[in-house]
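Inside the fold
Residues per chain are reported as follows:
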Amino acid sequence: MLEIKNLHVNIGDKEVLKGIDLVIEDGETFILFGPNGSGKTTLLMTLMGFGNYTVTEGQIIYKGQDITYAPMYERARLGIGMSFQRPPTIHGLKTSHLVRMCGQGRDVDVEGLAKKVNFSNFLDRDINAGFSGGEIKRSEMLQLMAQRPDLVLFDEPESGVDLENMALIGKTARNLLDGLAEGCTMKKAIKRSNTSGLIITHTGHILEYVNADRGQVMYNGKLCCEANPRDILDHISNHGYQECLRCLSAETGEILDLSSFNEAS
Amino acid sequence: MKKIDLSQYRADGATETAIEDFSGFSAEDKERLLFAGIDVDNPSDSGAFMHLNHSGVHCKTHREGLEVMDIKAALEQFDGLPDYYWQLVDKDKDEFTKAAHDNLHGGYFIRAKAGTKVTEPVQSCLFIDKAGISQNVHNIVVVEEGAELHIISGCATAHGAKESAHLGISEFYVHKGGKLTFTMIHNWSDDTAVRPRSAGVLEEDAVFLSNYVLLKPVKDLQMYPKITLKGENAVARFNSVIVAPEGSYIDCGNRIEMQAPNTRAEIIARTLTTGGTIINRGYIGADAVPARGHLECKGLILGGGRIHAIPELDSDQDGVELSHEAAVGKIAQEEIEYLMARGLDEDEATSTIVRGFLNVDMEGLPKELQDAIEQQIDELDAGDAM
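Worth saying up front: this structure is predicted, and the values here are computed from it rather than measured. (Residues numbered from 1 in each chain as written. Chains lettered and ligands numbered in written order. Predicted model: local features only at pLDDT ≥ 70, side-chain atom pairs only at ≥ 80, totals over all residues. Heavy atoms only, no water.)

This next bit is on the sheet that holds strand 3 (residues 29-33) of chain A. Residue and element names in this part refer to chain A. A sheet is described by the order of its strands in space; here six strands give the open sequence 6-9-10-3-11-12, paired in mixed fashion. Sheet topology places strand 6 (80-83) and strand 12 (222-227) at the edges, where each strand pairs with a single neighbour. For this sheet, the mean inter-axis angle between neighbouring strands, taken without regard to orientation, is 20°. By the bridge criterion, four bridges tie strand 3 to strand 11 (residues 214-219) in an arrangement that is parallel. Pairing of Phe33 across the sheet is with Val217, part of strand 11. Packed onto the sheet, helix 5 (residues 133-147) meets strand 6 and strand 9 (151-155) and runs at close to 170° relative to strand 6. (Pairing = 2+ DSSP bridges. Helix = DSSP H or I, 4+ residues; strand = E, 2+ residues; numbered from the N terminus. Axes fitted to C-alpha atoms, helices over the stretch in contact; angles between N-to-C directions. Contact = heavy atoms within 4.5 Å.)

The next subject is the sheet that holds strand 7 (residues 148-157) of chain B. Residue and element names in this part refer to chain B. Spatial ordering of the open sheet is given by 2-1-5-7-9-11-14-16-18-20, a layout of ten strands whose pairing is mixed. The open sheet terminates on both sides in strands that have one partner only, identified here as strand 2 (55-61) and strand 20 (321-329). Between one strand and the next, the sheet's axes are offset by a mean angle of 5°, whatever the strand orientation. Across nine bridges, the pairing between strand 18 (residues 291-301) and strand 20 is parallel. Bridge pairing in strand 20 places Gly293 opposite Leu322.

As a further point, take the packing of helix 3 (residues 95-102) of chain A against helix 5 of chain A. All names here are of chain A. One way to put it is that helix 3 packs onto helix 5 with a least axis distance of 7 Å and a crossing angle of 35°. Of the residues in helix 5, those touching helix 3 at Leu98, Val99 and Cys102 are Leu142, Gln143, Ala146 and Gln147. Residue classes in the contact of helix 3 with helix 5 are distributed as five nonpolar, two polar and no charged. (Nonpolar A, V, L, I, M, F, W, Y, C, P; charged D, E, K, R; others polar.)

All names here are of chain B. For chain B, the assigned domains are domain 1 (6-330) and domain 2 (331-386). Computed over C-alpha atoms only, the centres of domain 1 and domain 2 are separated by 25 Å. Both faces considered, domain 1 and domain 2 share a buried interface measuring about 2200 Å² in area, 73% of it formed by carbon and sulfur atoms. Three residues stand out in domain 1 for area buried against domain 2, namely Phe35, Leu215 and Leu302, and they jointly supply 24% of the buried area on that side. (Domains from an automatic or database assignment. Buried area = accessible area lost by both parts, 1.4 Å probe.)

All names here are of chain B. The full count for this structure, using the stated rule, is 24 salt bridges over all chains. In this structure, the salt-bridge partner of Arg111 is Glu67, at a minimum N-O distance of 2.5 Å. Placement of Arg111 in strand 4 (residues 108-112) and of Glu67 in strand 3 (residues 66-70) is noted, with a sequence separation of 44 residues between them. Residue class for Arg111 comes out buried when judged on its relative accessible area of 10%. For the salt bridge of Glu163 with Lys219, the shortest nitrogen-to-oxygen distance reads 3.9 Å. Of this pair, Glu163 sits in the loop between strand 7 and strand 8 (165-174) while Lys219 is found in the loop between strand 11 (207-214) and strand 12 (220-223), placing the two residues 56 residues apart along the sequence. Taking relative accessible area as the criterion, Lys219 reaches 21% and is therefore assigned partly exposed. Where salt bridges share partners, they join Arg270, Glu296, Lys298 and Glu325 into one cluster. (Salt bridge = Lys/Arg side-chain N within 4 Å of Asp/Glu carboxyl O. Buried < 20%, exposed > 50% of the residue type's maximum accessible area, 1.4 Å probe, protein only.)

Taking 1.5 Å per residue, 13 residues should reach 18 Å; helix 5 (residues 346-358) of chain B reaches 18 Å between its end C-alpha atoms and fits that length. Restricting attention to buried positions, one finds in helix 5 of chain B the residues B:Ala349, B:Thr350, B:Ser351, B:Thr352, B:Ile353, B:Val354, B:Gly356, B:Phe357 and B:Leu358. (Expected span 1.5 Å × (residues − 1).)

Attention now moves to the packing of aromatic side chains. Residue and element names in this part refer to chain B. Taken as a whole and judged by the stated rule, the model has 14 aromatic pairs over all chains. Note on Phe22 and Phe25: the rings are 6.1 Å apart at their centroids and 40° apart in plane angle, and the pair reads as tilted. An identical accessibility class is assigned to Phe22 and Phe25; each is buried. Taking the centre distance of 5.9 Å and the plane angle of 75° together, the rings of Phe25 and Phe127 count as edge-to-face. Of this pair, Phe25 sits in the segment before helix 1 (27-34) while Phe127 sits in strand 5 (residues 122-128); the two residues are 102 residues apart in sequence, bridging distant segments of the chain. For Phe25, a relative accessible area of 11% gives the class buried. For Phe127, a relative accessible area of 0% corresponds to the buried category. In this structure an aromatic cluster arises from ring pairing among Phe172, Phe182, Phe208 and Phe238. Its end group placed over the ring of Phe357, Arg270 keeps NZ or CZ at 5.8 Å from the ring centre. (Phe/Tyr/Trp six-rings, centres within 6.5 Å; stacked < 30°, edge-to-face > 60°. Lys NZ or Arg CZ within 6 Å of the ring centre and 35° of its normal.)

See below:
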């Protein structure tokens, strides 16, 4: 589905990603851990194609196509979808209208989808106008359900969400990734969908809801420590990122500490 | 501002005969009229009025308690309308008011009698289809105690009506507990000079809602309608959507004076220039409390042009609550990228944001008119600037 080769990315003059190699197979969900400023969000923004992120070296191959320099809407039309952490408010644009546009010409049952994320009362409101943290997440999920991407990029799906909303968002994320409708038969459930996911998480709460296949830690613009996501989470919970740093220092021979990470992403 | 030389325009000689039904208009004129809010194929169930060039040509009312008359007929029948004629606008204010006073061509007198609630809008239209003329009209609207009235006032020029001028005096009287919704749509051409001079007064518990839409080019337009809230609990609200393509010069705004306690005032303007000039004024003043007022002028510059926002608040009263919000800016890149991430290309994203920006909630518009406005906004998108 996605192949990232030796990706270097600058924000302005500053190099934030320093050679990322990553493959995500069809139907696979990949979890990205890492402290603030490590470059996780930069990777997501670069994959989506945001203007402020300049690829200086390397390649992004999606469904066999080089999209390294493709415009954002083309990536969206090819099937990449992203949930935003802090989406902008657009005055005068009704949520229902945007959800319909997310279908990219397909008929979208806006009301039906909205019910699933408990968002019917917001359809008539301007998109993101005065939405709380949990409401933003539900609105992003709703747009993704209408968009039906083949590769979903989740930027910290659990941030700013209370427990009650977390269950709903977790379940929706799972349905998006697994392509499972509620009340789906076992036979269908076994035949997993082709939807892939790349999830950034701080806390790991999302792991309670989605079937994650692989995970890795990002540090200072590089990926390291590939493992089962749950093992990574256990490790970080027990030792913090400090322990990861020591491990990384040993590998690279550099002396690293947390203070060397700037809030770059 | 460019000087308008009234001697350039012919103020007589364009007399027209009565038009019983509107089916005789060409498809082109019908479209011009529709974009000015007048659907000639679906006449209003309440009443209709048309003034063409220098003559009133159509005047119908279908409701008891609703009068729709040519102003000249009304002046004759009601002894010169001493309570209403030239009571709010000073005829010596400027050369335009003088011209309208000295050489009156017509205009409407629309009155909703006490207690009459006219829900379907009365359609009124001031149309110019001859080149080089000035059209001098005087309109008077009276909403008596407890009555309700919605007027759609469409002003347009036909395609051939080059170099014309429109001078319009309007006076609005909303008596105790009355409600007037006044929707004005302008559809001029890029060589029309326009000088409306309007004022209104509201008694106790009266409500005045004004919607103003200008999406097409105009050479030079200047207007600054003033509403005075004389009675307690009176409410005035102005919504304006103004677009200035290259060549348009628009100096307009709204003024509300709150002279009684418990009054409310709101002025909302959305302006967009794609090359023209917009001076967007707004004034809310309060001489009594409690009084609440809010003024909002937001402007977008898209591909050149100028927007000059002048919001003013004025009061000498302890406890008054007045606020304003003004902005002149561009479309945020962040908003464009958000929509592009959903699959819209840059042009689609831009026009979606512009549509949202211009989408001010206007109360009580008929669907055909709402559709016509949206269609025009969509057509803006086809311009090079977006």
